[in-house]
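Residues per chain, in single letters:
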Amino acid sequence: MEKIGYIGLGKMGKNMVLRLLEKDWSIVAFNRSPESTKEVEKMGAEGAYSLKELVGKLEAPRLIWLMVPHQVVDDVLEDLIPLLSEGDTVIDGGNSNYNETLRRAKELEEKNINFMDAGVSGGPSGARNGACSMMGGSKELFDKYEKLFSDISAPHAYGYMGASGAGHFVKMVHNGIEYGMMQAIGEGFEVLKKSDFNLDLIEVSKIYNNRSVIESRLTKWLQNAYEQHGEELSDISGKVSASGEGLWTVETAKKLNVPVPIIEGSLKFREESQKNPSYTGQVVSALRNQFGGHEVSSDK
């Protein structure tokens, strides 16, 4: 049985642990708040209540997956790395900035500890039922742990993107594209809503999602949101939050001298929506709630 240490049991982490347990992995799990650790223990994981305990329950060469917010990756590594041995492998599966990933990979390489980055798309449901996974690091490590990447992913939904940082880079651009796609859907449906035709937006979303050119998971999620919340989306906020990757994509594009007006415009919309909520914002927020479980309750 394959064995892995898992750090971070939020919505994504917990669901990924449950998926790996079903794939017959042995998992030692740690979370900063012990309640989540106890929860996955009941589901078959072996709990650890400190990083030292987690490392002690794994045999070298160890394999450890981080699923924590990008803001705390360095803090976790600072405590974790002194506990590890040469040849151990750490995989950062969160939405880290690829520049930070490049730095971390170099720092860990100097300590003879392997480091890989994994961009993971699909939200909590993807983590539970099969994600889309983008791996960066050495090809040798990718080949060594390909079973893990296959097991966390939907069929044919994982791949090796390139050297360290490539996985997080590809995921960053993915999220930038996602910003633009969601923005276009939001704007289009506000035009539909304000037309003189008194359109049934549930029916429109259903038709759009049935063999049209824009059929997509996003369109289906909007249909689901309408069915759950009604066409007015009155309990959904028109203020849209941004998680960081859209901004990173725009900043990177400027460095590469690549114009990205769609992604940049969608980022600016999110920033301005904090003072000027709109129906377009409600649609985008509803989509974020559907695929990511983000809190988007109306503050009316």
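Residues numbered from 1 in each chain as written. Predicted model: local features only at pLDDT ≥ 70, side-chain atom pairs only at ≥ 80, totals over all residues. Heavy atoms only, no water.

Caption draft 1: Structural view of the pattern of salt bridges. This structure, assessed with the given rule, holds 16 salt bridges. We note a salt bridge from Glu22 to Arg128, for which the minimum N-O separation is 2.6 Å. With Glu22 in helix α1 (residues 11-22) and Arg128 in helix α6 (residues 123-129), this residue pair connects regions lying 106 residues apart in the sequence. One salt bridge connects Asp74 with Arg103, and the closest N-O pair in it is separated by 2.7 Å. One end of the pair, Asp74, is in helix α4 (residues 73-80); the other, Arg103, is in helix α5 (residues 98-109), and 29 residues separate them in sequence. According to the relative accessible area criterion, Asp74 is partly exposed, its value standing at 29%. For Arg103, a relative accessible area of 30% gives the class partly exposed. Through salt bridges with shared partners, a single network forms among Asp74, Glu100, Arg103, Arg104 and Glu107. (Salt bridge = Lys/Arg side-chain N within 4 Å of Asp/Glu carboxyl O. Helix = DSSP H or I, 4+ residues; strand = E, 2+ residues; numbered from the N terminus. Buried < 20%, exposed > 50% of the residue type's maximum accessible area, 1.4 Å probe, protein only.)

Caption draft 2: Representation of the packing of helix α12 (residues 245-255) against helix α13 (residues 261-273). Running from N to C, α12 and α13 point in directions that differ by 140°, and their axes come no closer than 9 Å. Put simply, α12 runs oblique to α13. Where α12 crosses over α13, the handedness of that crossing is left-handed. Taking contact as the criterion, the partners of Gly246, Leu247, Thr249, Val250 and Lys254 in α12 are, on α13, Ile263, Glu264 and Leu267. (Axes fitted to C-alpha atoms, helices over the stretch in contact; angles between N-to-C directions. Parallel < 35°, antiparallel > 145°, perpendicular 65-115°, else oblique. Left-handed = near helix turned anticlockwise from the far one by under 90°. Contact = heavy atoms within 4.5 Å.)

Caption draft 3: Structural detail: the packing of helix α9 (residues 166-193) against α12. Here α9 crosses α12 at 105°, and the two axes come no closer than 8 Å. One finds that α9 runs roughly perpendicular with respect to α12. Judged by residue contacts, Phe169, Met172, Val173, Asn175, Gly176 and Tyr179 of α9 engage Glu245, Gly246, Trp248, Thr249 and Thr252 from α12. Partitioned by chemical class, the residues of the contact of α9 with α12 number 5 nonpolar, 5 polar and 1 charged. (Nonpolar A, V, L, I, M, F, W, Y, C, P; charged D, E, K, R; others polar.)

Caption draft 4: Quick look at the sheet that holds strand β8 (residues 153-162). Taken together, 8 strands build an open sheet; the order of strands is β3-β2-β1-β4-β5-β6-β7-β8 and the sheet is mixed. Edge positions in the sheet fall to β3 (46-47) and β8, since each of these pairs with one other strand and no more. Across 4 bridges, strand β5 (residues 89-92) lies against strand β6 (residues 114-121) in parallel orientation. Bridging across to β6, Asp92 finds its partner in Asp117. (Pairing = 2+ DSSP bridges.)

Caption draft 5: The environment of Val204, seen in detail. Counting through the fold element by element, Val204 comes out in helix α10 (residues 201-208). The spacing of Val204 and Phe189 is 15 residues in sequence and 9.1 Å in space, taken between C-alpha atoms. When residues no more than four places from it in sequence are discounted, the contact partners of Val204 are Phe189, Leu192 and Leu199.

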